[in-house]
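Descriptive structure summary
Each chain, written out:
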Amino acid sequence: FPGYACFIGEPQVFQKEQNKIIRHLRFAKTFDEKKKMLGHYYDLNFFGLGLETFKGLDVKTINQRFTHFVNEYIKHLFLVCLSEVLAIGKKGVNIKLSRELSGNRLLNTVSDKGVIYACGGNGREQAFDDDFDLIVVVDELSKYETEVIRETLAIMNSEMIKRGTLPHFRFSQHFGEYICP
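The structure presented is a predicted model; accordingly, all values stated were derived computationally and were not measured. (Residues numbered from 1 in each chain as written. Predicted model: local features only at pLDDT ≥ 70, side-chain atom pairs only at ≥ 80, totals over all residues. Heavy atoms only, no water.)

1. What to know about the overall build of the chain
Helix and strand content of the chain: six helices and five strands. In the chain, the order of α-helices and β-strands from amino to carboxyl end is α-α-α-β-β-β-α-β-α-β-α. Here the chain, with 181 residues, has 45% of them falling under the buried criterion. Counting only contacts in the chain whose residues sit at least 6 apart along the sequence, the fraction spanning at least 24 positions is 63%. When the accessible area of the chain is evaluated, it comes to approximately 9900 Å², of which 53% is carbon and sulfur surface. (Helix = DSSP H or I, 4+ residues; strand = E, 2+ residues; numbered from the N terminus. Buried < 20%, exposed > 50% of the residue type's maximum accessible area, 1.4 Å probe, protein only. Contact = heavy atoms within 4.5 Å. Areas by Shrake-Rupley, 256 points an atom, 1.4 Å probe, with all protein chains shown as cover.)

Listed below in structure tokens is the structure:
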């Protein structure tokens, strides 16, 4: 973001742009455009908070802001990726989304059937962690719904890697699956 270099001393410019990205997300015409916008949202937040860290912002505030923007990024990314999966061939799946957040650990609720939790550094609200530790918990999904969630998480995985921070779905390392029906 070389265009923002002249605003290094003005964090409010970064905040204004970050908020604008989230507001305009629904107007993007394609899923690729939405994912690119979310990538910019994450990168601007990371860059802006990094600058404030170098200026001496206190650790508690850094951790809170970092956790907040990562939660927002993952929440919106989940919604975009789920919408993409549903649009490309999984129509008719009865999955309703709730945007309720319960503290900083709960990122998304998929109807009454499951949640995505942050664990590891993000779950402990520690800024600048080296990976996204996530646990996906679902309750009795149909085979069709399970496939939708798997595909959604696979797309999320590839998008999160683009941010330079590896996603780490905690159960997948043991079971070879994002979710275990």
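2. Examining the pattern of salt bridges
Applying the stated criterion across every chain, the model contains eight salt bridges. Here lysine 162 and glutamate 159 are joined by a salt bridge, their closest N and O atoms 3.0 Å apart. Accessibility expressed as a relative area gives 7% for glutamate 159, which makes it buried. Each of the salt bridges in this network shares a partner with another, and the network as a whole consists of Asp32, Lys35 and Glu84. (Salt bridge = Lys/Arg side-chain N within 4 Å of Asp/Glu carboxyl O.)

3. A word on the packing of helix α3 (residues 59-87) against helix α5 (residues 143-161)
The interhelical angle for the contact between α3 and α5, taken along N-to-C directions, is 125°, at an axis separation of 9 Å. In terms of orientation, α3 lies oblique with respect to α5. As α3 runs across α5, the sense of the crossing is right-handed. Contacts from Tyr73, Ile74, Leu77, Phe78, Cys81, Leu82, Glu84, Val85 and Leu86 in α3 reach Val148, Ile149, Glu151, Thr152, Ile155, Met156, Glu159 and Met160 in α5. (Axes fitted to C-alpha atoms, helices over the stretch in contact; angles between N-to-C directions. Parallel < 35°, antiparallel > 145°, perpendicular 65-115°, else oblique. Left-handed = near helix turned anticlockwise from the far one by under 90°.)

4. Some points on helix α2 (residues 31-54)
In this model, α2 (24 residues) spans 35 Å end to end at C-alpha, consistent with the 34 Å of a helix rising 1.5 Å per residue. Where α2 ends, the next residue or the one after it, glycine 56, has phi of about 105°, a positive value. (Expected span 1.5 Å × (residues − 1).)

5. Let's talk about the side chain of glutamine 18
Residue position: glutamine 18 is located in helix α1 (residues 11-24). A polar side-chain atom of glutamine 18 sits 3.4 Å from the main-chain carbonyl oxygen of leucine 44. What glutamine 18 contacts, discounting residues up to four positions off in sequence, is Tyr41, Leu44 and Asn45. (Polar contact = N/O pair within 3.5 Å; in protein donor to acceptor, adjacent residues only side chain to side chain.)

6. Details of the nonpolar core
Formed by 36 residues in total, the largest nonpolar core has its most connected members in Tyr73, Ile74, Phe132, Met156 and Met160. At 13 residues, the largest contribution of residues to this core is made by α3. (Core = buried A, V, L, I, M, F, W, Y, C linked by side-chain atoms within 4.5 Å.)

7. Section: the packing of α2 against α3
Taken N-terminus to C-terminus, the directions of α2 and α3 make an angle of 175°; their axes are 10 Å apart at the nearest point. By the angle class used here, α2 and α3 are roughly antiparallel. Of the residues that constitute the contact of α2 with α3, the class distribution is 15 nonpolar, five polar and six charged. (Nonpolar A, V, L, I, M, F, W, Y, C, P; charged D, E, K, R; others polar.)

8. Let's talk about the environment of glutamate 159
With respect to the element layout, glutamate 159 can be found in helix α5. Put simply, glutamate 159 and lysine 36 are 123 residues apart on the chain and 8.8 Å apart in space, counted from C-alpha to C-alpha. Contacts of glutamate 159, omitting those with residues within four sequence positions, involve Lys35, Tyr73 and Leu77.

9. Here we look at the confidence of the model for the chain
Overall, the prediction assigns the chain a mean pLDDT of 76, with 76% of residues at 70 or greater. Mean pLDDT across the elements of the chain bottoms out in strand β1 (residues 97-98) (43) and peaks in α2 (90). Segment residues 96-109: pLDDT under 50, and 42 contacts once partners within four positions in sequence are set aside and those in other chains are kept. (pLDDT = per-residue confidence, 0-100.)

10. Some remarks on α3
Under the 1.5 Å per step criterion, the end-to-end length of α3 is 42 Å for 29 residues, consistent within 8% with the ideal 42 Å. Within α3, 21 of the 29 residues are buried, leaving the element largely enclosed by the surrounding structure.

11. With respect to the environment of glycine 39
Tracing the sequence through the fold places glycine 39 in helix α2. Sequence spacing of glycine 39 and glutamate 159 is 120 residues, and the spatial spacing of their C-alpha atoms is 7.9 Å. When near neighbours in sequence (up to four residues on either side) are disregarded, glycine 39 contacts Tyr73 and Arg163.

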